[in-house]
Amino acid sequence: MKKKHYFGRGVMFLLCLVFAVAFLLPTVLTITNSFMSESEINSNYGMVFETTTGGYVSKHVNLKFIPDKVTLSQYITGLVKSPAYLIKFWNSVILVAPIVVFQVAIAAVAAYSFTRWRGKVRSLIFFFYVILMLMPYQVTLVPNYLVAEKLGTLNTRWAIILPGIFAPFSVFLLTKFMRRIPYALIESAKIDGAGEWQIFTRICLPQCRSALFSIAILVFIDYWNMVEQPIVLLSDAEKQPLSVYLSSINAGEIGLAFAMAVIYMVPSLLIFLKGEEYLVEGIAHQGSVKG
Amino acid sequence: MCFLCPSFLGVFLFFILPFAVVVKYAFTNAAGENVQFQNFVNLLKNPIFKMAAGNTLRFSAIAVPLSVALAIVLALMLECRIPMKSYFRSFFLSPMMVPVASIVLIWQVLFSYNGTVNVLLTAMGKTAIDWLNSDKAPLVVVLLFLWKNLGYNMILFMAGLANIPRELLEVADVEGASGAYKFFAIKLRYLSPTVLFVTILSLINSFKIFREVYLLAGNYPYESLYTLQHFMNNMFNALDYQKLSAAALIMAVCMVALIALLFAVEDWFGKDVEG
């Protein structure tokens, strides 16, 4: 009996290992390949990507993990020789930072409202939020474009930041979390004479600390990788974030693309290392869809 | 009372109000005359729209249940006390932080006609497949979707599993319940709210996969990859707001129906579990 148990766990472990390798493969590839020289990249992958002249560089694709010679040349090209990448990186930061901060802040207040008061009207509004959240970006494309045109924000950062701040995604997630806070806690604070704002800041927010962080991480990852919004609303290439620029790097510069992707991954990596526990904790209490 | 105001004002201004304009577009022609349902009739006759809608429906219908089921399996696997559990958890989550651009690069290296998968296939004596330009293309995208989203879904299910009262499982053990019985009668029952929650999140993510497909294959990918998002995006580029709005409205109506159904299912399921 005991032996069988160990055997089962061994099989599970091996299965997990197989999955883990498959999941890690692209990440590891991105990192190791960023240290290859352009010529090595070309001889490995030249087959896949057509060069600008129309031909292929080599005949065999060669998926390779360990570079023949570790070189920082791609990083030097991207970071030192041309400032374009750093500017785009900064563009990403100033687009995403306000969206994450304000979306979560406004959502926290709204979620508190959805948690504390429930009526027909509020349920209907919440239903609206869920629907809006589900709409693919292409559906809100025209609305966003029209509003940006009316407000005169088209082709400025505000065209992306403003709709981003009010996106209903984190309202939904936070509401679900806040509805798990024991009602007695809020009730007793009320009896002690706390106002709504006090209950919100002193009781609700500390209770949802990890949820706030985990939602901030999700929002960050989503917007850090945005592609569609800037293409439509921010046609000025100078202002576009690195995520758009990265995707348009052409075949001659795959090595550079890998290196810049690694640079672009650094903030996500740091946030992950710091925040993974929050990500796990923050959802530990989520419950039903409607709450 | 006014806690909702900032958010609602923003949502009203940036989403609901302009959506009213979309509704107006959907019922008028290019000259602005009221044409009632003509745009919808045209759209439903349009073969490209039908193809795109079918592809979107098929992709979501395959990818969403698959990602829910596999995530449960992964969560159950990690629940067995295997070594290095927290490392595995991090590994499974790692795809979340890889930038879209490099995901696309790697998928091209793997699945283009001269890519690694085909090199392996021919080495094994099979014929190479043009993955991204054949009927196999949705398979590649489903794989990409699962790779990207399974980790987070798994985390959600792990949280759900942790919330199951221990006593219940212990009693089941004492009574000699089989593993299968414990799973279907206890675990799955308690996971049902999480299942619905993950289904909704996966549905959102299944629409977001357009980003990767767009970067992999551009505005006009192989037929089997042409989704509603491609259709709407191309209508937007062609300034055909009428078609775009009508398509958006059809999609919105479908969503309302689907969410209403999910909420109803939850009410029905949730009663005896939530208590």
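Thresholds applied
- Residues numbered from 1 in each chain as written.
- Chains lettered and ligands numbered in written order.
- Predicted model: local features only at pLDDT ≥ 70, side-chain atom pairs only at ≥ 80, totals over all residues.
- Helix = DSSP H or I, 4+ residues; strand = E, 2+ residues; numbered from the N terminus.
- Buried ≥ 20, exposed ≤ 12 C-beta atoms within 10 Å, placed from the backbone.
- Domains from an automatic or database assignment.
- Axes fitted to C-alpha atoms, helices over the stretch in contact; angles between N-to-C directions.
- Parallel < 35°, antiparallel > 145°, perpendicular 65-115°, else oblique.
- Contact = placed C-beta atoms within 7 Å.
- Nonpolar A, V, L, I, M, F, W, Y, C, P; charged D, E, K, R; others polar.
- Left-handed = near helix turned anticlockwise from the far one by under 90°.
- pLDDT = per-residue confidence, 0-100.
- Core = buried A, V, L, I, M, F, W, Y, C linked by C-beta atoms within 7 Å.
- Arc of directions from axis to C-beta.

Colleague: Please clarify how the overall build of chain A should be interpreted in this entry.
Modeller: Secondary structure assignment for chain A yields 14 helices and zero strands. Ordered by position in the sequence, the α and β elements of chain A form the string α-α-α-α-α-α-α-α-α-α-α-α-α-α. Looking at chain A as a whole, 45% of its 291 residues qualify as buried.

Colleague: Please clarify how the overall build of chain B should be interpreted in this entry.
Modeller: Along its length, chain B carries twelve helices and zero strands. Overall size of chain B, expressed as C-alpha extent along the three principal axes, is 75 × 65 × 35 Å.

Colleague: Mind showing me how you'd approach the domain arrangement of chain A here?
Modeller: Note on interface size: it is often stated as the accessible area lost on association of the parts. According to the domain assignment, chain A contains domain 1 (29-71) and domain 2 (80-282). If you average the C-alpha positions of domain 1 of chain A and of domain 2 of chain A, the two centres end up 36 Å apart.

Colleague: Honestly, the packing of helix α6 (residues 137-151) of chain A against helix α1 (residues 5-26) of chain B in this entry has me stumped. Any pointers?
Modeller: How two helices pack is summed up by the angle between their axes together with the distance between the axes. Interhelical geometry of α6(A) versus α1(B) gives an angle of 105° and a closest axis separation of 8 Å. As far as their axial angle goes, α1(B) and α6(A) are roughly perpendicular. Facing A:T140, A:V142, A:P143, A:L146 and A:V147 of α6(A), the residues of α1(B) in contact are B:F14, B:F15, B:P18, B:F19, B:V21 and B:V22. Per-class residue counts for the contact of α6(A) with α1(B) are ten nonpolar, one polar and no charged.

Colleague: How should the interface of chain B and chain A be read in this particular structure?
Modeller: With 79 residues of chain B in contact, the opposing surface of chain A contributes 72 residues. Here the side of chain B that touches chain A takes 14 residues from helix α12 (residues 241-274) of chain B, the largest share from any one element. In terms of residue class, the side of chain B that touches chain A is made up of 60 nonpolar, 15 polar and four charged.

Colleague: Is there a simple way to think about unusual backbone geometry in this case?
Modeller: Residues other than glycine predominantly adopt negative phi, and peptide bonds predominantly adopt the trans conformation. A positive phi angle is found at A:N155, which is not glycine, with a value near 70°. As for its placement among the helices and strands, A:N155 is situated in the loop between α6 and α7 (158-165). Unusually for a residue other than glycine, B:M84 sits at a positive phi of about 60°. On the secondary structure map, B:M84 appears in the loop between α3 (47-79) and α4 (85-93).

Colleague: It is not clear to me how the packing of α3(B) against helix α9 (residues 179-208) of chain B should be interpreted in this structure. Could you clarify?
Modeller: All names here are of chain B. The interhelical angle for the contact between α3 and α9, taken along N-to-C directions, is 135°, at an axis separation of 9 Å. Here α3 lies oblique to α9, going by the angle between them. Both α3 and α9 take part in a crossing whose hand is right-handed. In this structure, α3 uses F59, S60, A63, V64, S67, V68 and A71 to contact α9, whose residues at the interface are V195, V198, T199, S202, L203 and S206. Residues of the contact of α3 with α9, tallied by class, amount to eight nonpolar, five polar and no charged.

Colleague: Whenever I open this one, the confidence of the model for chain A confuses me. Can you help?
Modeller: Fine structural detail should not be taken from predicted coordinates in areas where pLDDT scores are low. Counting all residues, the mean pLDDT for chain A is 81, and 87% of those residues have values of 70 or more. At the low end of the mean pLDDT range in chain A sits helix α2 (residues 38-45) of chain A, at 74; at the high end sits helix α4 (residues 84-116) of chain A, at 92.

Colleague: Sorry if this is basic, but what is going on with the nonpolar core here?
Modeller: Here is a general trend for soluble globular proteins: nonpolar side chains tend to be buried in one another's company. One finds A:L174, A:V219 and B:A247 to be the most contacted residues of the largest nonpolar core, which totals 164 residues. If you tally residues by element for this core, the top one is α4(A), at 15 residues. Both of domain 1 (29-71) and domain 2 (80-282) of chain A provide at least three residues apiece to this core. Apart from residues lying up to four places away in sequence, B:A247 is in contact with B:L43, B:F49, B:L228, B:F231 and B:M232.

Colleague: Looking at this structure, how should I read helix α8 (residues 169-178) of chain A?
Modeller: For the α-helix, the turn length of 3.6 residues means that residues three or four positions removed from each other point alike. When you tally the buried positions in α8(A), you get ten out of ten residues, the bulk of the element. Taken together, the buried positions of α8(A) are A:F169, A:S170, A:V171, A:F172, A:L173, A:L174, A:T175, A:K176, A:F177 and A:M178. Against the buried residues of α8(A) lie α4, α5 (120-134), α10 (196-207) and α11 (209-224) of chain A together with α1 of chain B.

Colleague: Sorry, what's going on with α2(A) here?
Modeller: Among all positions of α2(A), only A:I41, A:N42, A:N44 and A:Y45 are buried. Along the long axis of α2(A), the arc covered by the buried residues comes to 165°, so they all point the same way.

Colleague: How do you make sense of the environment of B:Y214 when you look at a structure like this?
Modeller: When you line up the elements, B:Y214 lands in helix α10 (residues 210-217). Along the sequence, B:Y214 and B:V140 sit 74 residues apart, while their C-alpha atoms lie 14 Å from each other.

Colleague: Which parts of the structure should I look at to understand the confidence of the model for chain B?
Modeller: Residue and element names in this part refer to chain B. For chain B, the average pLDDT comes to 85, and 97% of its residues sit at 70 or higher. Per-element mean pLDDT across chain B ranges from 80 in α12 up to 92 in α3. Reported confidences for the modelled complex are a pTM of 0.88 and an ipTM of 0.87.

Colleague: Can you help me understand the environment of A:Q207 in this one?
Modeller: Residue and element names in this part refer to chain A. For Q207, the location among the structural elements is in helix α10. The exposure class of Q207 is partly exposed, given the 18 C-beta atoms found within 10 Å. Sequence separation of Q207 and I66 is 141 residues, and the distance between their C-alpha atoms is 46 Å.

Colleague: What exactly am I supposed to notice about the environment of B:V104 here?
Modeller: In this structure, B:V104 sits in helix α5 (residues 100-111). According to the C-beta neighbour criterion, B:V104 is buried, with 23 such atoms within 10 Å. When the C-alpha atoms of B:V104 and B:R211 are compared, they prove to be 9.7 Å apart, with 107 residues separating the residues in sequence. Each residue touching B:V104, except ones within four places of it in the same chain, is listed here: A:S247, B:E212, B:L215 and B:L216.

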